[in-house]
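# Architecture and fold: a report
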Amino acid sequence: MKRKFIAITALLALMLSFCSCGNGRDGIYMRTYVGCFDTASFIKGYAENEKKFEEYASLFYERLKYYDALYDIYDEYDFPNLKTVNDKAGGDPVEVSRDIADLLDFSVRMYELTACKTNIAMGAVLEIWHNYREEGNSDPQKARLPTDSELADAARHTDISRLEIDRENLSVRLADSRMRLDVGAVAKGYVAQRVADELRTAGFADGIISIGGNTVAIGSRKDADVWRIGIQDPSSDSDEEYFIKVGLSDMSLVTSGSYQRFYTVNGKNYHHIIDPETLLPAEGYLSVSVISADSGLADALSTALFCMDINEGLRLVESLDNVYAVWVKTDGTVVKSKGFDNFVVG
């Protein structure tokens, strides 16, 4: 986690150093924020003056903080959030905000769309991996793997049908006392899309926002038709920062990678994307990137595709409208879905 956090922060600082702050009308500005969703985020775009841009940036940051607290599964606040829902598992329904109910509804739809590969009810399993990863990164000499029996026991409490959402009364109940929600596979992309929509409503017509790499391009650049976004080269021995660049306008890009969060046991890296079938880190890819008009969909798909074989993944992506993907296999082979090359820029 720390390695990824530092890398993102350094990259954003570099981007900021080359950003023209503009003193005239329609200048381009950028602000970077650190902390929400345990990552670095930024907003960059045009405004008639810096004061107006600061209004957009403040809205961006305030909404980030709001959603970060709401979807937090580790910390308590003075209002019900997802930790509250998890803590009350097996008990009475928890009254929640519409924003929690909406995310959970969306996540259930993503579970169905991805053939169960993106499952927010996997929290009991993901918590085990999280704890072992934290322990291993804090003391590499003692890094170890979860046992098969630990994982199998936790997997018995991942049935998403036991997530009860009452839309009329805005309440949520986990019918299994050991069930835990973890929205890490969908939350950043979902929030990026919601915040982008709110910024558009506020008048932010041309810009780009990113929450830990979950990126939404709004409108276009004044000096081009699209916003150019680089997809990080996932190869550890590569000298290139990006292996491909895409141009986007009113579209989003999300990447899931095995290089982002991991720990090492006996010389082998174990990353954070857990296959719900094997209960182990998914194998086969270094990264999967998805382009879609909806960042929440792109986030859910990038995780699911990481856990599918290439043919299954291609069928899913190419069955959806206005969705495109690129896979980087562990041997370095790059596979693109139909239409992806239409977004590639030099």
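Remember, it's a predicted structure, so these values are computed and weren't measured experimentally.

Criteria and cut-off values
Residues numbered from 1 in each chain as written. Predicted model: local features only at pLDDT ≥ 70, side-chain atom pairs only at ≥ 80, totals over all residues. Heavy atoms only, no water. Helix = DSSP H or I, 4+ residues; strand = E, 2+ residues; numbered from the N terminus. Buried < 20%, exposed > 50% of the residue type's maximum accessible area, 1.4 Å probe, protein only. Contact = heavy atoms within 4.5 Å. Areas by Shrake-Rupley, 256 points an atom, 1.4 Å probe, with all protein chains shown as cover. pLDDT = per-residue confidence, 0-100. Pairing = 2+ DSSP bridges. Axes fitted to C-alpha atoms, helices over the stretch in contact; angles between N-to-C directions. Left-handed = near helix turned anticlockwise from the far one by under 90°. Nonpolar A, V, L, I, M, F, W, Y, C, P; charged D, E, K, R; others polar. Core = buried A, V, L, I, M, F, W, Y, C linked by side-chain atoms within 4.5 Å. Expected span 1.5 Å × (residues − 1). Lys, Arg positive; Asp, Glu negative; His and termini not counted. Salt bridge = Lys/Arg side-chain N within 4 Å of Asp/Glu carboxyl O.

### Some points on the overall build of the protein chain
- Along the protein chain, the regular secondary structure elements total nine helices and 16 strands.
- Expressed along its principal axes, the backbone C-alpha trace of the protein chain runs to roughly 60 × 50 × 45 Å.
- Sorting the 346 residues of the protein chain into buried and exposed places 51% on the buried side.
- Across the protein chain, every contact between residues at least 6 apart in sequence was considered, and the portion connecting residues at least 24 apart equals 59%.
- For the protein chain, the accessible area works out to roughly 16000 Å², and carbon and sulfur atoms hold 46% of it.

### A look at the confidence of the model for the protein chain
- Looking at the protein chain, the pLDDT average stands at 91 and 91% of residues meet or exceed 70.
- Here residues 1-25 is modelled with pLDDT under 50, and outside its nearest four sequence neighbours on either side it reaches 39 contacts, counting other chains as well.

### What to know about the pairing of strand 5 (residues 171-174)
- Direction of pairing for strand 3 (residues 94-95) relative to strand 5: antiparallel, over a ladder of two bridges. Note on strand 5: the bridge partner recorded for E95 is S171.
- What sits between strand 4 (residues 163-166) and strand 5 in their antiparallel hairpin is a turn of four residues, with L170 showing a positive phi close to 50 degrees.

### Details of the packing of helix 2 (residues 50-70) against helix 7 (residues 187-202)
- Where helix 2 meets helix 7, the axes come as close as 10 Å, and the angle between the chain directions of the two elements is 150 degrees. Between helix 2 and helix 7 lies a crossing whose hand is right-handed. Here Y56, L59, F60, R63, L64 and Y67 of helix 2 come into contact with helix 7, specifically with V191, R194, V195, E198, L199 and A202.
- Grouping the amino acids of the contact of helix 2 with helix 7 by side-chain chemistry returns nine nonpolar, no polar and three charged.

### Observations regarding unusual backbone geometry
- For N266, which is not a glycine, the phi torsion comes out positive at approximately 50 degrees.
- Along the chain, N266 falls in the loop between strand 11 (262-265) and strand 12 (268-271).
- The phi angle at L279 is positive, at roughly 65 degrees, despite the residue not being glycine.
- Within the secondary structure, L279 is located in the loop between strand 12 and strand 13 (285-292).
- Judged by its relative accessible area of 11%, L279 falls in the buried class.

### Observations regarding the nonpolar core
- Of all hydrophobic cores here, the largest spans 71 residues; its most connected members are I43, Y71, L82, L163, L181, L305 and W327.
- If you look at the next biggest cluster of nonpolar residues, it comprises 19 residues, including M30, V246, M251 and V326.

### Some points on the pairing of strand 4
- Where strand 4 meets strand 5, four bridges bridge the pair, whose relative direction is antiparallel. Bridge pairing in strand 5 places E164 opposite R173.

### A closer look at helix 5 (residues 123-138)
- Between its terminal C-alpha atoms helix 5 stretches 22 Å, which fits the 22 Å expected from 16 residues at 1.5 Å a residue.
- For helix 5, the set of buried residues is G123, A124, V125, I128, W129, Y132, R133 and G136.
- The inward-facing, buried residues of helix 5 abut helix 6 (148-155), strand 11 and strand 12.

### Some words on the side chain of K188
- Residue position: K188 is located in helix 7.
- In this structure, K188 is buried with no salt-bridge partner, the nearest side chain bearing the opposite charge being D299 at 5.8 Å.
- Residues contacting K188, with those up to four places away along its chain left out, are F37, T39, I211, N214 and D299.

### Brief notes about the sheet that holds strand 1 (residues 27-34)
- Pairing in this open sheet of eight strands is antiparallel, and the strands run 1-2-6-7-10-13-14-15 from one edge to the other. The open sheet has two edge strands, strand 1 and strand 15 (334-336), and neither has a second partner. Going across the sheet, the axis of each strand differs from the next one's by a mean of 10 degrees, ignoring polarity.
- Examined bridge by bridge, strand 1 and strand 2 (residues 40-47) share eight bridges and lie antiparallel to one another. Bridged to G27 within strand 2 is A47.
- Sitting on the sheet, helix 2 touches strand 1, strand 2 and strand 6 (207-211), and the angle it makes with strand 2 is about 150 degrees.
- On the sheet, helix 9 (residues 310-318) packs against strand 13, strand 14 (323-329) and strand 15 and is oriented at approximately 165 degrees with respect to strand 14.

### Considerations on the sheet that holds strand 16 (residues 344-345)
- Taken in spatial order, the three strands line up as 8-9-16 in an open sheet, and their pairing is antiparallel. Two strands close off the open sheet at either side, each with one partner strand: strand 8 (227-232) and strand 16.
- Direction of pairing for strand 8 relative to strand 9 (residues 242-248): antiparallel, over a ladder of six bridges. Its bridge partner lying in strand 9, I229 is registered against V246.

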